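Structural overview
Each chain, letter by letter, is given below.
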Amino acid sequence: MEKPLPPTADPLHDKPLAGWRLRLYTIIFEADTRAGRLFDQALIAIILLSIAVVMADSVQAVRLVYGHALTNAEWFFTLLFTVEYIARLLCVRRPLRYATSFFGIIDLLAVLPTYLALFVPELHALIDVRVLRLLRIFRVFKLAAYVAEYQFLLSALAASGRKILVFLSAVLMVVLVLGTLMYVVEGQTNGFTSIPTSVYWAISTVTTVGFGDIAPKTDLGRLIASFMMLMGWGILAVPTGIVTAEMAAQRRMHPGQAPTTRTCHECLTEGHAADANFCFNCGARLPPYQQQAGEAS
């Protein structure tokens, strides 16, 4: 009896995870091999150079002298980014999933402004969106410690989400009560023209922002404001304590994990352990892990 395909498989749209596509995928999307790191380091250098060209082109004195050369350089970089974007689409199993992902959209925006500027010249300045692609630097230079802390922070925020939501609900009730109280104490003559305006003042006071556009004039109002300012310091400390406690719990639950740039070919999720066989996000089987020396572990 033929074994049914898993839910994530679609033979009409999926591309093979072997041959040149697998080699190209490992180079472009991962950075645990020498070729992968060199590719990403070269890509970052090209991004920085292209941004420098756009910035130089915005200076009138420079554009008058080197305008033609800067235009040629910009088109050269755009063609390189176009080839790279097409290569990414060719080597992934699901091109549409990559194209609609965060980095896929950023990669597309890196080339669109130059082509669109042919019809709308004002869009040329949007080329600076390429700087967002430098987010890849976290995996390019093997900053494993920072990647681990990033993963711990995300897990801690997700785990403490309900606690923070309950805390924010309590803060919302406090500012609603105190804002209404200030509306009664100060009145419209002192700038507290409505309850929503008074609640806005209460929020800016509790968060220690204090724009100064509204201020209490009466002694009782200033007393309430002083109490709210002191309370604000305590309020700011509570979410920090919640997240810190959750981060400590995450460290106890997952000690000594070594993050990698290993990427799932199905959902493009990054950061799988070197000995993992399946994706922790979608459950798809992972291909052999390519290490520094380029050998499968």
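Model, not experiment: these values are computed from the prediction. The residue numbers shown here count from 1 along each chain, following its written sequence. For this predicted model, a pLDDT threshold of at least 70 governs which residues receive local features, and a threshold of 80 or more governs which side-chain atom pairs are given and counted, while totals over whole chains, interfaces and linings are taken from all residues. To obtain the side-chain values, all non-hydrogen atoms of the structure were included, while hydrogens and water were left out.

1. Side note on the overall build of the protein
When its secondary structure is counted, the protein shows 11 helices and zero strands. Where helices and strands are cited, they refer to DSSP runs of H or I of at least four residues and of E of at least two residues respectively, numbered from the N terminus. Taken from N to C terminus, the helices and strands of the protein fall in the order α-α-α-α-α-α-α-α-α-α-α. The burial tally for the protein puts 36% of its 297 residues in the buried class. Throughout, exposure labels follow a simple rule: accessible area from a 1.4 Å probe, protein chains only, divided by the maximum for the residue type, with under 20% read as buried, over 50% as exposed, and the rest as partly exposed.

2. Observations regarding the environment of L286
For L286, the location among the structural elements is in the segment after helix 11 (219–253). Through-space distance from the C-alpha of L286 to that of R262 is 9.0 Å; in sequence the pair is 24 residues apart. If we ignore the near neighbours within four places in the chain, the residues touching L286 are R262, C264, H272, A276, N277, F278 and C279. Note on contacts: a residue pair qualifies if any of its non-hydrogen atoms lie within 4.5 Å across the two residues.

3. Side note on the pattern of salt bridges
We count a salt bridge whenever a side-chain nitrogen from Lys or Arg sits within 4 Å of a carboxyl oxygen from Asp or Glu. Enumeration according to the criterion identifies two salt bridges in this entry. Across the salt bridge formed by R88 and E84, the nearest N and O atoms sit 2.5 Å from each other. Here the residue R88 and the residue E84 both occupy positions in helix 3 (residues 60–91), the gap between them amounting to four residues, near one helical turn. Neither R88 nor E84 differs from the other in exposure class; each is buried. Where salt bridges share partners, they join E84, R88 and D107 into one cluster.

4. A closer look at helix 5 (residues 102–109)
Every buried residue belonging to helix 5 is among G104, I106 and D107, and all of these are buried. Looking straight down helix 5, one finds that the buried residues subtend no more than 165° of arc, so they occupy a single side. Residues of helix 5 that are buried in the fold lie against helix 3 and helix 4 (95–99). Read the arc as the range of directions from the helix axis to the C-beta atoms.

5. Remarks on the packing of aromatic side chains
Working definition: rings of Phe, Tyr and Trp (its six-membered ring) pair if their centres are within 6.5 Å, and the pair is stacked with planes under 30 degrees apart, edge-to-face with planes over 60 apart, and tilted otherwise. Counted by the stated rule, this structure contains eight aromatic pairs. Taken together, a centroid distance of 6.2 Å and an interplanar angle of 40° make the contact between Y85 and Y98 tilted. One end of the pair, Y85, is in helix 3; the other, Y98, is in helix 4, with 13 residues separating them in the sequence. Relative accessible area serves as the criterion here: at 11%, Y85 is assigned to the buried category. Two limits define a charge over a ring: the Lys NZ or Arg CZ must be within 6 Å of the ring centre, and within 35 degrees of the ring normal. Directly above the ring of F29 sits R88, whose terminal nitrogen or CZ lies 5.2 Å from the centroid.

6. Quick notes on the nonpolar core
Put simply, a nonpolar core is a bunch of buried Ala, Val, Leu, Ile, Met, Phe, Trp, Tyr and Cys residues held in one set by side-chain atoms that sit within 4.5 Å of each other. Counting 14 residues, the largest nonpolar core has W201 and M228 as its most contacted members. Contributing elements (two or more residues each) for this core: helix 9 (161–186), helix 10 (195–206) and helix 11. Not counting residues up to four positions away in its chain, the partners in contact with M228 are L178, W201, A202, T205 and V206. Formed by nine residues, the second largest nonpolar core is a distinct cluster that contains Y25, Y85, C91 and Y98.

7. Notes on the packing of helix 1 (residues 19–29) against helix 3
For helices, the fitted axis covers only the stretch in contact; all axes are lines through C-alpha atoms, and the angles between them, taken along N-to-C directions, range from 0 to 180 degrees. At their nearest, the axes of helix 1 and helix 3 sit 9 Å apart, and the two run at 130° to each other. Here helix 3 runs oblique to helix 1, going by the angle between their axes. Every pair of crossing elements has a handedness; the one defined by helix 1 and helix 3 is left-handed. Between helix 1 and helix 3, the residues in contact are W20, R21, L24, Y25, I28 and F29 and A87, R88, L90 and C91, respectively. The scheme is simple: roughly parallel for angles under 35 degrees, roughly antiparallel for over 145, roughly perpendicular for 65 to 115, oblique for anything else. Should the near helix be turned anticlockwise from the far one by less than a right angle, the crossing is left-handed, and should it be turned clockwise, the crossing is right-handed.

8. Describing the state of the cysteines
Note on terminology: pairs of cysteine sulfur atoms within 2.5 Å are recorded as disulfides. Within the structure shown, the criterion is met by zero disulfides. Distance from the sulfur of C264, which forms no disulfide, to the nearest cysteine sulfur (C282) is 3.7 Å. Since its relative accessible area comes to 0%, C264 is described here as buried.

9. Some details on the environment of W201
Position of W201 among the secondary structure elements: in helix 10. The exposure class of W201 is buried, given its relative accessible area of 4%. Apart from residues no more than four positions distant in its own chain, W201 is found in contact with M182, F192, I214, A215, P216, A225 and M228. Polar contact is the term for a pair of N or O atoms within 3.5 Å; when the atoms are in protein, one must be able to donate a hydrogen and the other to accept it, and sequence-neighboring residues count only if both atoms are side-chain atoms. Here the side chain of W201 touches I214 through a polar contact of 3.4 Å, landing on its backbone oxygen.

10. Looking at the packing of helix 2 (residues 34–57) against helix 3
Two elements in contact, helix 2 and helix 3, have axes whose closest approach is 9 Å; the angle formed by their N-to-C orientations is 145°. Considering the relative orientation of helix 2 and helix 3, their crossing is left-handed. Facing helix 2, whose interface residues are F39, L43, I46, I47, L49, S50, V53, V54, A56 and D57, helix 3 presents V62, R63, L70, A73, E74, F77, L80, F81, E84 and R88. Residue classes in the contact of helix 2 with helix 3 are distributed as 14 nonpolar, one polar and five charged. Classes in brief: Ala, Val, Leu, Ile, Met, Phe, Trp, Tyr, Cys and Pro nonpolar; Asp, Glu, Lys and Arg charged; the others, Gly included, polar.

11. Here we look at the side chain of S204
Secondary-structure assignment places S204 in helix 10. In this structure the side chain of S204 is engaged in a polar contact, spanning 2.9 Å, whose partner is the backbone oxygen of W201.

12. Thoughts on the side chain of S50
Here S50 lies in helix 2. A polar contact of 2.7 Å, which involves the side chain of S50, links it to the backbone oxygen of I47.

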